[in-house]
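Working through the structure, step by step
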Amino acid sequence: MAAKKTKRKPARPSKADLEFVAEAEEILERMREELADLADQRSSGREVDPDLVNGIFRSAHSLKGLAGLFGFEAMGKLAHHLEDVLDSLRLGRLSMDSPALNLLDESVELFSRLMQRLGKSNFESEAQSSVEELVARIEASLQQPAVSSDDFKTLDLDPSLLRALTEYEEHRLRENINRGRHLLLVDSTFEIVAFEEGLSELSGAIRELGEVVSTLPSPGEAPESQIRFSLLVASDLSCSEVTERLDFPDTNIRLVIAGTAEASKASHVAPETQDSSTPSPPVADAPVAKQPSVEESKADLSAGIESLKSISDTVRVDIRKLDELMNLVGELVIHRSSIAGIAERLAADSTTRRAAGELSKAQNSLGRKLKELQASVLDVRMVPLRQIFEKLSRVARRLQRDLGKTVNLKFDGVDTELDKLIAEKLVDPLMHVVRNSFDHGIESAEERAQIGKSAEGTIRIEAYQRGNHVVIQIEDDGRGIDPTLVRAKAESLGLVDRDAILTDKECLALIFAPGFSMRDEVSGTSGRGVGMDVVRSNLSDMGGIVDVTSKLGRGTTLTLTLPITLAIIQALLVGVGKQRFAIPLNSVLETLLIDCSEIQNSEEKEILNLRGEPLHLRRLSDEFGVTPSDEDRQYVVVLGLGELRIGLLVDRLEGQLDTVIKSIQGPIAQVRGIAGATEIGDRGAVLVIDVSSVIEDALRRRDAA
Amino acid sequence: MQRILIVEDSATMRSLLAATLEELGDDVKVTEAASGFEALRLLPREDYDLVVTDINMPDINGLELVSFVKRNEKYSSIPLIIVSTEGSERDRDKGLGLGADAYLVKPFEPETLREVARDLLSPSESKG
Amino acid sequence: MTVRDTGLSGSLDGETPEWERLARGASGYGVSEEEPEILRELLVFVLNDAPYAIAVERVREIIRLREITPMPRVPDCVVGVVALRGEIVQVVDGRMRLGLELTPPTRRSRIIILHGDDNRVTGIVVDAVDEVLRVSEHDIAPATTGHGGSVVELCKRGDEFVSIIDLDYVLDLDAN
């Protein structure tokens, strides 16, 4: 080394010094966390995540650059050696053992200490001596690399890909081959203007199944607008298994090298799932702390629950285009309705009657074609629930590990199909429900043994189609929900009156009330439950409902009912006073014309005798504050959802139409009773009624009196 | 107007490279990309006269970027400078083998970078 | 092909005052910047004969009055929704919101369609739309009292003052 240069270090830290400290502190903090993760991985016996080591290496690299630029010689030297150790570790030249890790920890700590002394006089000379000692030890531990120049020529890979591999990537390639993994090449083409989203979804999905060794971009077939990425992937799964799981457009997957039959147990590869198979109980080789303290595991739950976003993300890419398509089809449908209306008006005039007839026929065939178009687009939008169920399995496995409970997750009806948009929105509520079942529903193995249940709890998720709806049932054989406890809790929260008389079923339904949350009183466990009111409002946003039944000690069943599709609906147009509203036809059971005298008044409630059964009535004018026309005769629109029924009183029926429900934009986010609005030809916006909330409110009003 | 694209994931290093190159002259415009992906997105948008890239970057590394640039008809004539750490001679050889025009080892004098850049930007130089 | 091995590999003791200079420059210390003159563009409209303004970036479009479908269970100043090429947008009456007198619509009445925050699009009914004003910060002063929070600044225009509206405050109508 040349003679020490005198650095002009003032007695107090300068502004520049402070800036250095700020940025360096950030890096050091990150490194400490990463080193802690590294130690965890090693101590649990798992394979150390190469990305983690790479990450720490790059932190050290930044630190070195930073120190050098600001002229802090000693610290720069320390950082430089720190970087060397990490480089050797990540390239496999140095083995990852305790001495190496200790050196890393020491270096980080020394760095930190030095920074605290920045700006003091004699800083540099003091720093030098502290650093020298550690540096000497580091140099001693670094062996000279014996670089084996492996020619990967034998691999069936495009030479340009091999040439662009950095030394690190070559090391990872060699590692993976040595561990007997399958080597695959995933080729995918994207639009240049928006490749990042698609590519990160793809790599995200691949990372679930293996390691991305390298990513090589190359010009696409249409280089102006496309770009191609070739991903070299190492996986324990075979090429066909990976191909099955990666469902992306414009993607080819081929095998480069087949791995050895016994794939090693890699930590980041998900074991296989089949429809109704039992996921194997937690693997015994890596004994994660059997009973983590409940508090910790609860905290981990929220952080650790794998976000199911990758399903949503995967779906969303297709959906944007599909949404546009659906919108277009929807607009076409509306325009056709306008044409039908015009044909009618023309038919009334004798001079145009013949032309009107032809117009009418033409728009009829148009209507049929549109229905076919609509059906095909809808068909493309349908996805089987299997993807969601697979994700739930993975989440369940992690829950099992974290909570120390063994639960058997069964699925029925994985092929049931749902609109992609709904499936995407279903992910979160389903996750909440399953988590609650795990958390509060299923008892621990000991508890279960004590009451004579099998040690393994079971959660069964069943999906099937019923008419226009899809039903998803989540049934567990856990401890069930005690209606008296729910009721007590609801009373304490002021949600229900002390004297109110409620059936057991009504008590259970209280768990969906806003502000209610499942806590210790209800199910005897501590910790947060996710509010069921959130689940219910999520579902209601999609036009769905949720129902709960439970047997104390035996288990709980949640039933979610969803419409198959959100997009185009048939609606009944009704009129009250000067206004019009649209009611989704799939909730309309029948319509009747009645005389006002038929309405029976009992205790301030209006009832109609419908074939011997009382039908509770609700005036739409009252519901929405609209002045009705004063007529002797009114229409009753009988609305039903599940088993609930009411009759909505309106002044006029104005016809049926196909339309698309749009959400209402503006400062008021939600209006109870309104699901959205639609545009009718050139006659402006019409509000669409949210049948489920109208029914609920009406029935609640009936019961409270 | 000479347009330079810098691809470097460390923010500090990036602003330093930018500052260095901006001193080349008033008609020099420097665009910064914080990752290989960003560079891929920025390349089509303007006609760059020079690209300066790091090797070790998170999404696609500098070598892959060089490979892409040189294999793409549209960009293959753009001169490319790789700046990287001294650790890997193999990476350096690969970089040059893939068609990079210059390879600078960090840390280097700012004036060195400018000299090399000037060379590559000068229209009278015939590129090999 | 040029390879420059600068001879500094592996060591950090090269004297690099220039890097320090660049480092300081890049971090913004000791660099004097010319302040470019900051201009704001405001859309000026009329409510009850008085001029008001909002930032032009928040304006998506301006449409003539059209049929407004009333909505139940909303504050009075939300007069309803309009259909806008397939989108359904809530409309607020600007005068009602600001507590001004209502006058019957004229052929100059308009609905200004705005970007609210959170990407919510909303419409505001106004009596007329005036002009787009480009002003520098010097012409703008904070308002002392203004319609209970809806007016945040005043802008000088000739002899008069234009009240600049705080859109986020005005559109914060969600009772929940």
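Per chain, residues are indexed from 1 in the order of the written sequence. The order in which chains are written sets their letters, starting at A; the order in which ligands are written sets their numbers, starting at 1. Where totals are concerned, whole chains, interfaces and linings use all residues; where local detail is concerned, this predicted model gives features only for residues with pLDDT of at least 70, and gives and counts side-chain atom pairs only at 80 or more.

Within chain C, the regular secondary structure consists of three helices and 12 strands. Residues with at least 20 other C-beta atoms within 10 Å of their own are called buried, those with 12 or fewer are called exposed, and the rest are partly exposed. The C-beta atoms themselves are positioned from the backbone. Here chain C, with 176 residues, has 29% of them falling under the buried criterion. Of the contacts formed within chain C by residues at least 6 apart in sequence, a portion of 50% connects residues at least 24 apart. A run of H or I in DSSP counts as a helix once it spans at least four residues, and a run of E counts as a strand once it spans at least two, with each numbered from the N terminus. In this description, any two residues whose backbone-derived C-beta atoms lie within 7 Å of each other are considered to be in contact.

The next subject is the sheet that holds strand β15 (residues 600-602) of chain A. Residue and element names in this part refer to chain A. Strands are labelled as partners when DSSP assigns at least two bridges between them. Strand order in the open sheet made by the six strands is β14-β18-β19-β17-β16-β15, with mixed pairing throughout. The sheet is open, and its two edges are formed by β14 (588-595) and β15, each paired on a single side. Between one strand and the next, the sheet's axes are offset by a mean angle of 35°, whatever the strand orientation. Of the strand pairs in this sheet, β14 and strand β18 (residues 633-641) are connected by seven bridges, and their pairing is antiparallel. Counted as the bridge partner of Asp595 is Arg633 from β18. Structural elements are reduced to axes, namely lines fitted to C-alpha atoms, with helices fitted over the stretch in contact, and the angle between N-to-C directions of any two is expressed from 0 to 180 degrees.

A rise of 1.5 Å per residue sets the reference length of helix α2 (residues 50-70) of chain A, with its 21 residues, at 30 Å; its end C-alpha atoms lie 31 Å apart and thus fit the reference within 8%. A:Gly71, located one to two residues past α2(A), shows a positive phi value of around 80°. Residue count minus one, scaled by 1.5 Å, sets the expected span of a helix.

For the rest of this paragraph, the subject is the confidence of the model for chain A. Residue and element names in this part refer to chain A. Summarising the model, chain A shows a mean pLDDT of 76, and 82% of its residues fall at 70 or more. Within chain A, helix α10 (residues 294-304) has the poorest average pLDDT of any element, 36, and helix α20 (residues 620-624) the best, 93. Confidence of the predictor in every single residue is expressed as pLDDT, which spans 0 to 100. Low pLDDT, under 50, characterises residues 144-149; the stretch is placed with one contact to residues that sit more than four places away or in other chains.

A few words now on the sheet that holds strand β2 (residues 210-219) of chain A. Residue and element names in this part refer to chain A. Strands sit in the order β2-β3-β1-β4 across an open sheet of four strands; the sheet is antiparallel. Each edge of the open sheet carries a strand with a single partner, namely β2 and β4 (251-257). Taken over all neighbouring pairs, the strand axes of this sheet differ in orientation by 20° on average, direction set aside. Pairing of β2 with strand β3 (residues 226-235) involves nine bridges; the strand directions are antiparallel. What sits directly across from Pro217, in β3, is Phe229.

A separate point is the environment of A:Leu495. Relative to the helices and strands, A:Leu495 is located in the loop between α16 (483-492) and α17 (504-509). Sequence separation of A:Leu495 and A:Ala513 is 18 residues, and the distance between their C-alpha atoms is 7.8 Å.

With that settled, the discussion passes to the confidence of the model for chain C. Residues and elements named next belong to chain C. On average, residues of chain C carry a pLDDT of 78, and 74% of them reach 70 or more. Every residue in residues 1-16 scores below 50 in pLDDT, and together they form 34 contacts with partners more than four places removed in sequence or on other chains. Predicted confidence for residues 28-35 stays below pLDDT 50, and this span has five contacts to residues more than four positions away or in other chains. Overall fold confidence for the complex sits at a pTM of 0.40, while the interface term, ipTM, reaches 0.76.

Before going further, it helps to spend a moment on the packing of helix α13 (residues 386-403) of chain A against helix α14 (residues 420-441) of chain A. Residue and element names in this part refer to chain A. Following both chains from N to C, one finds α13 and α14 inclined at 30°, their axes separated by 11 Å at the closest point. Here α13 is positioned roughly parallel relative to α14, judged by the angle of their axes. Handedness of the α13/α14 crossing: right-handed. Taking contact as the criterion, the partners of Ile388, Leu392, Val395, Ala396, Leu399 and Leu403 in α13 are, on α14, Ala423, Leu426, Val427, Leu430, Met431, Val434, Arg435 and Phe438. Ten residue types, Ala, Val, Leu, Ile, Met, Phe, Trp, Tyr, Cys and Pro, are classed as nonpolar, four, Asp, Glu, Lys and Arg, as charged, and the remainder, Gly among them, as polar. Grouping the amino acids of the contact of α13 with α14 by side-chain chemistry returns 13 nonpolar, no polar and one charged. Reported orientations rely on four angle classes, namely roughly parallel under 35 degrees, roughly antiparallel over 145, roughly perpendicular from 65 to 115, and oblique for the rest. In this scheme the handedness of a crossing depends on how the near helix is turned from the far one: anticlockwise by less than a right angle means left-handed, clockwise means right-handed.

Moving on, we come to the packing of α2(A) against helix α3 (residues 73-90) of chain A. Residue and element names in this part refer to chain A. Two elements in contact, α2 and α3, have axes separated by 8 Å at closest approach and are oriented at 160°. By the criterion of interaxial angle, the relationship of α2 to α3 is roughly antiparallel. In terms of crossing hand, the pair formed by α2 and α3 is left-handed. When α2 is examined against α3, the residues Pro50, Val53, Asn54, Ile56, Phe57, Ala60, His61, Leu63, Lys64, Ala67 and Gly68 are found in contact with a partner set consisting of Met75, Gly76, Ala79, His80, Leu82, Glu83, Leu86, Asp87, Leu89 and Arg90.

Two faces, one strand: in a regular strand the side chains alternate between the faces of the sheet. Residues and elements named next belong to chain B. Of all the five residues making up strand β3 (residues 50-54), five are buried; the element is thus mostly covered by neighbouring parts of the structure. Residues Leu50, Val52 and Asp54 line one face of β3 and the alternating positions Val51 and Thr53 line the opposite face, and both faces are buried. Note: strand β1 (residues 2-7) against β3, four bridges, orientation parallel. Opposite Ile4, over in β3, you have Leu50 as the bridge partner. Here a crossover is taken to be right-handed if, once the strands point away from the viewer, the path from the first strand over the helix to the second is traced clockwise. In this fold, β3 hands off to helix α3 (residues 62-71), which returns the chain to strand β4 (residues 80-84); that crossover is right-handed.

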